[in-house]
Every structure is written in structure tokens, then in C-alpha cells.
Amino acid sequence: CRCMVQKDVIDPLSIDIYILTLDSNSNLSYGSTELKENIKVFLTGFRMLTDSINIFDGEIVNYTVQYQIMVKDNYNIYEVLDRVNNEVWNYSGINKMQFGESIYISKLVRLIDEVEGVLTVTDVSLTNITGSGYSDTSFNFFINNINNIVTPGQNQIFELKYITDVSGNVKT
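Before going into details, it helps to say that this report is about the structure given with it. Note that this is a predicted model, so its numbers are computed, not measured.

1. What to know about the overall build of the chain
Part 1: Scanning the chain from N- to C-terminus turns up three helices and eleven strands.
Part 2: Scanning the chain from its N terminus toward the C terminus, one meets helices and strands in the order β-β-β-α-β-β-α-β-α-β-β-β-β-β.
Part 3: Here the C-alpha atoms of the chain give a radius of gyration of 19 Å, more than 25% beyond the 16 Å that 2.2 N^0.38 yields for 172 residues.
Part 4: C-alpha extents for the chain along the principal axes are approximately 70 × 35 × 25 Å.
Part 5: Evaluated residue by residue, the chain yields a buried proportion of 38% over its 172 residues.

2. Concerning the packing of aromatic side chains
Part 1: Across all of its chains, the model carries seven aromatic pairs by this definition.
Part 2: Pairing Tyr 63 with Phe 158 gives two aromatic rings, centres 5.9 Å apart and planes at 75°, and the pair type is edge-to-face. One end of the pair, Tyr 63, is in strand E5 (residues 59-71); the other, Phe 158, is in strand E10 (residues 156-159), with 95 residues separating them in the sequence. For the residue pair Tyr 63 and Phe 158, the accessibility class agrees, reading buried in each case.
Part 3: Positioned over the ring face of Tyr 104 is Lys 107, at 4.9 Å from the centre of the ring.
Part 4: One residue, Lys 161, lies across the ring of Tyr 134, its end atom 6.0 Å from the ring centre.

3. So, the environment of Gln 6
Part 1: Relative to the helices and strands, Gln 6 is located in strand E1 (residues 2-7).
Part 2: Residue Gln 6 is classed as partly exposed on the basis of its relative accessible area of 26%.
Part 3: Between the C-alpha atoms of Gln 6 and Asp 16, which are ten residues apart in sequence, the distance is 5.4 Å.

4. Points about the sheet that holds strand E6 (residues 103-104)
Adjacent strands of a sheet form backbone hydrogen bonds with each other and so pair up, either parallel or antiparallel.
Part 1: An order of E6-E9-E8 is seen for the three strands of this open sheet, with the pairing classed as antiparallel. Two strands lie at the open edges of the sheet, namely E6 and strand E8 (145-146), each paired on one side alone.
Part 2: By the bridge criterion, two bridges tie E6 to strand E9 (residues 149-150) in an arrangement that is antiparallel. What sits directly across from Ile 103, in E9, is Val 150.

5. Things to note about the side chain of Lys 161
Part 1: When you line up the elements, Lys 161 lands in the loop between E10 and strand E11 (166-170).
Part 2: Buried within the structure, Lys 161 lacks any salt-bridge partner; Glu 159 is the closest side chain of opposite charge, at an N-O distance of 4.8 Å.
Part 3: Here the side chain of Lys 161 touches Gly 133 through a polar contact of 2.6 Å, landing on its backbone oxygen.

6. A word on the nonpolar core
Part 1: Judged by nonpolar contacts, the single largest core of 35 residues is most densely connected at Ile 69, Val 84, Val 88, Ile 103, Leu 126, Phe 141 and Phe 158.
Part 2: In terms of residue count, the dominant contributor to this core is E5 (seven residues).
Part 3: Among residues more than four places away in sequence, those in contact with Ile 103 are Tyr 63, Met 97, Leu 108, Leu 126, Phe 141, Asn 148, Ile 149, Val 150 and Phe 158.

7. A look at helix H3 (residues 105-113)
Part 1: Buried within H3 we find Ile 105, Leu 108, Leu 111 and Ile 112. Buried residues along H3 cover an arc of 120° about the axis, so they all sit on one side.
Part 2: Among the structural elements, E5, helix H2 (77-92), E6, strand E7 (118-128), E8 and E9 are those in contact with the buried residues of H3.

8. Some words on unusual backbone geometry
Part 1: We note that Asn 74 has phi near 70°; this positive angle belongs to a residue other than glycine.
Part 2: Secondary-structure assignment places Asn 74 in the loop between E5 and H2.
Part 3: Assessed through its relative accessible area of 83%, Asn 74 is described here as exposed.

Definitions and limits used
- Residues numbered from 1 in each chain as written.
- Predicted model: local features only at pLDDT ≥ 70, side-chain atom pairs only at ≥ 80, totals over all residues.
- Heavy atoms only, no water.
- Helix = DSSP H or I, 4+ residues; strand = E, 2+ residues; numbered from the N terminus.
- Rg over C-alpha atoms; globule rule 2.2 N^0.38 Å.
- Buried < 20%, exposed > 50% of the residue type's maximum accessible area, 1.4 Å probe, protein only.
- Phe/Tyr/Trp six-rings, centres within 6.5 Å; stacked < 30°, edge-to-face > 60°.
- Lys NZ or Arg CZ within 6 Å of the ring centre and 35° of its normal.
- Pairing = 2+ DSSP bridges.
- Lys, Arg positive; Asp, Glu negative; His and termini not counted.
- Salt bridge = Lys/Arg side-chain N within 4 Å of Asp/Glu carboxyl O.
- Polar contact = N/O pair within 3.5 Å; in protein donor to acceptor, adjacent residues only side chain to side chain.
- Core = buried A, V, L, I, M, F, W, Y, C linked by side-chain atoms within 4.5 Å.
- Contact = heavy atoms within 4.5 Å.
- Arc of directions from axis to C-beta.

This is the structure in C-alpha cells:
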């Protein structure tokens, strides 16, 4: 589960709580109405009488990672691509991010560059993915990328949902 709490921007006596849960595949999902009500009832005993609690679903930003590398001589390009995909997945995959946490492109480049068989990294890009099997949250990675740091909103969380969302190719 993930949770983020902040003061309400309109009502200074309210707090906003954003929650996300995990589904049976350990992917992020939205909390049920019953869960939100149970949280609200539980927290009621800990708040001041004049305070109010608002519970919302956080926003899941699903994305893909595409990269381009050059492979050292005498290495099998398919084995190197597979190793890179696994390294990126292990670094960025399920349950790795928190609300409002940024993605540092330079860390991804360094991670890929350190994989055995990689000569150099020529490109890394992130793209929002929505639709069947993914959240409906749209996010522009280009606009929100400042100095190779991609930052979501405070109520948003990045999720690299499937290992197949990582893909690469070899520049020759």
C-alpha cells in the first residue's frame, strides 16, 4: 500500500489523504470505497473535532522505458539486452516508487551502462502508457523532465507495471 497526506489547499482544517493499494499481482490499484470509509472511521478518533479528513485515490502513472545501447565486441546482443531489461526492471519495477518520487534519468543511464557487455548508452526515454491493463492517468514525460529529472505531482506515483514495458535496441 501507498499513502500520502497533505493539508487541503482550500480548507486549512482539513487534511487530504491519497491512497493506493496492491492487487493480487502486486500492482498498484485503487482502494475500495469500504477501505476508504474504514480508514476515515479509524482516523476519526485521532482528529480534532473541527478537523475533517478527505480520502482520495492517488494517481498511477504507468510508463515504459526505451533505451538504445552499443554492445561490446564478442558479446551476444540478445543476452545483453535481456540483462539490461532485467536490471531496469529490478531497479524500477513493482513497488519501487513512492508518491511524488522523481525518476532520475542519469541513474537509469548509469545502471544500464554498468551491465556486463554494454559499451555505452546512447539514449533512454520514458513514455506514458494508458489503456487496457494500465491506468488512465495521462502524463507528459517531456514537459515534466527538467535536467533529466522527471517529477510527478504530489498525489501521483510512477509504476513500471510489466517487464515487457522495458525495451531496448542496439545501435551498430
